[in-house]
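Chain by chain, the residues:
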Amino acid sequence: MKVFFSGYYMVFRLHWFYFGITLGMCEYGYFGKCYNQCLTNCKSCYSDSCVCLLCKSGYLGQYCTEACRKGMWGEQCKNYCSPNCDSNKRCNVTTGDCLGDCRAGFYGPKCETKCKIGTWGKNCLSNCSPNCDSNQSCDILTGDCLGACKAGYLGPQCQTLCPPGLYGLDCQDNCSENCLHPCDSTDGHCSPCRPGYEGESCQKAVPLRRKEETSNSFNFVHFGIGVASLAVAVAIVFGILVLRRSLLGRRRTRVCNIYNQPDVISSDMNQYVNNQNQSELEEHPYQN
């Protein structure tokens, strides 16, 4: 038989050869007549009341109803939230996980893990510039490259190309003056070159013999163009002469055809003489 008291219980056992009594406290988490549970945030309480003996992580007070103050967490609120929590250094009072984002340069539930090489910023979500020369590593807070930039770039994060006319590490080298266009900011390569120069950076002078060959080739091309132009001009003149001769031949043929008709000629001549006489009479009417 089991009899409960406030916080305790008593068990009576009666056997044929003995009589026994056992006295005990309520099970862990119960109080009173041992069927009342301790308050929610109590780990354990006094067996005869609901006053907590030990609070769960994140709570304090006689009845474990007081949450840890800002910036604290854990059993008896002895732990500090991570300084890398971005939301005013607040964290979950039970687990210590940050409430919100991590401060730049850190990640993880408690924001205690530094960004891996090649990443930076809040929660390490940003990538370092590929133009950082030191294995693409940068400052985990600002993203500025740790060390020099790769050839052809400038700036804290190495994202600015060299100004026109410059190239190389820290943009300290000048492009060749023989480049017709700005050179490549990385290695100085340029194309095309000024006449008389060649090479990737247009710094190699073309040999004299090659210059002469180029000049001869140039003159030959111009000579060919001149000959072709002269031939076209001759063809045009010849065509004009042929056309003119053809027109003249047709005119002569027409005149000959007219003179080969005597009646027509005689009639035309008589008409012409009459016209002349009539004109003279009109000019001198009293001469007769």
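Basis of the calculations
Residues numbered from 1 in each chain as written. Predicted model: local features only at pLDDT ≥ 70, side-chain atom pairs only at ≥ 80, totals over all residues. Heavy atoms only, no water. Helix = DSSP H or I, 4+ residues; strand = E, 2+ residues; numbered from the N terminus. Buried < 20%, exposed > 50% of the residue type's maximum accessible area, 1.4 Å probe, protein only. Areas by Shrake-Rupley, 256 points an atom, 1.4 Å probe, with all protein chains shown as cover. Disulfide = S-S within 2.5 Å. UniProt positions renumbered as here; feature names shortened; annotations may be inferred. Contact = heavy atoms within 4.5 Å. Core = buried A, V, L, I, M, F, W, Y, C linked by side-chain atoms within 4.5 Å. Salt bridge = Lys/Arg side-chain N within 4 Å of Asp/Glu carboxyl O. Polar contact = N/O pair within 3.5 Å; in protein donor to acceptor, adjacent residues only side chain to side chain.

Helix and strand content of the chain: 2 helices and 21 strands. Looking at the chain residue by residue over its 288 residues, the buried ones come to 26%. Accessible surface computed for the chain: about 21,000 Å², of which carbon and sulfur atoms make up 55%.

Tallying each qualifying case throughout the model produces 14 disulfides. Disulfide pairing is shown between cysteine 68 and cysteine 77; the S-S distance is 1.8 Å. With the S-S dihedral at roughly -85°, the linkage between cysteine 68 and cysteine 77 falls on the left-handed side. The residue that forms a disulfide with cysteine 128 is cysteine 138, at a sulfur-sulfur distance of 1.9 Å. On the sign convention where negative is left-handed, the bridge of cysteine 128 and cysteine 138, at about -70° about the S-S bond, is left-handed. Here cysteine 128, found in the loop between strand 15 (126-127) and strand 16 (153-154), pairs with cysteine 138, found in the loop between strand 15 and strand 16; they are 10 residues apart in sequence, far enough to count as distant.

With numbering matched to this structure, UniProt assigns "domain: EGF-like" (unreviewed entry) to residues 37-65, 80-112, 127-159 and 170-203. Between the C-alpha atoms that bound residues 127-159 there is a distance of 13 Å. The span itself is 0% helix and 9% strand. With 0% helix and 12% strand, residues 170-203 has its two end C-alpha atoms placed 22 Å apart.

Before going further, it helps to spend a moment on the side chain of serine 185. Within the secondary structure layout, serine 185 lies in the loop between strand 19 (173-174) and strand 20 (197-198). Excluding residues within four positions of it along the chain, serine 185 makes contact with Ala151, Gly152, Leu161, Cys162, Leu166, Tyr167 and Gly168.

Once that is clear, we can look at the nonpolar core. Judged by nonpolar contacts, Trp73, Cys81, Cys85, Cys91, Cys98, Cys102, Phe106 and Cys111 together constitute the single largest core of 8 residues. Beyond its immediate chain neighbours, meaning those up to four positions away, cysteine 91 contacts Met72, Trp73, Cys81, Cys85, Gly96, Asp97, Cys98 and Leu99.

With that settled, consider the pattern of salt bridges. Throughout the structure, instances matching the rule amount to 2 salt bridges. Aspartate 86 is the salt-bridge partner of lysine 122, the closest N and O atoms lying 3.0 Å from each other. Of the two residues, lysine 122 sits in the loop between strand 14 (119-120) and strand 15 while aspartate 86 sits in the loop between strand 11 (79-80) and strand 12 (106-107), which places them 36 residues apart along the sequence. The exposure class assigned to lysine 122 is partly exposed, which follows from its relative accessible area of 45%. Classification of aspartate 86 as partly exposed rests on a relative accessible area of 33%. Notably, a salt bridge pairs aspartate 97 with lysine 110, separated by 3.4 Å at the nearest N-O pair. Taken together, the residues aspartate 97 in the loop between strand 11 and strand 12 and lysine 110 in the loop between strand 12 and strand 13 (113-114) connect sequence positions 13 residues apart.

Examined against the element boundaries, serine 57 turns out to sit in the loop between strand 7 (52-55) and strand 8 (59-60). Residues serine 57 and lysine 43, 14 residues apart in the sequence, show an inter-C-alpha distance of 9.0 Å. Setting aside its immediate chain neighbours within four residues, serine 57 contacts Gly74, Glu75, Val93 and Thr94. Within the local environment of serine 57, its side chain forms a polar contact with the backbone oxygen of threonine 94, the two atoms lying 3.0 Å apart.

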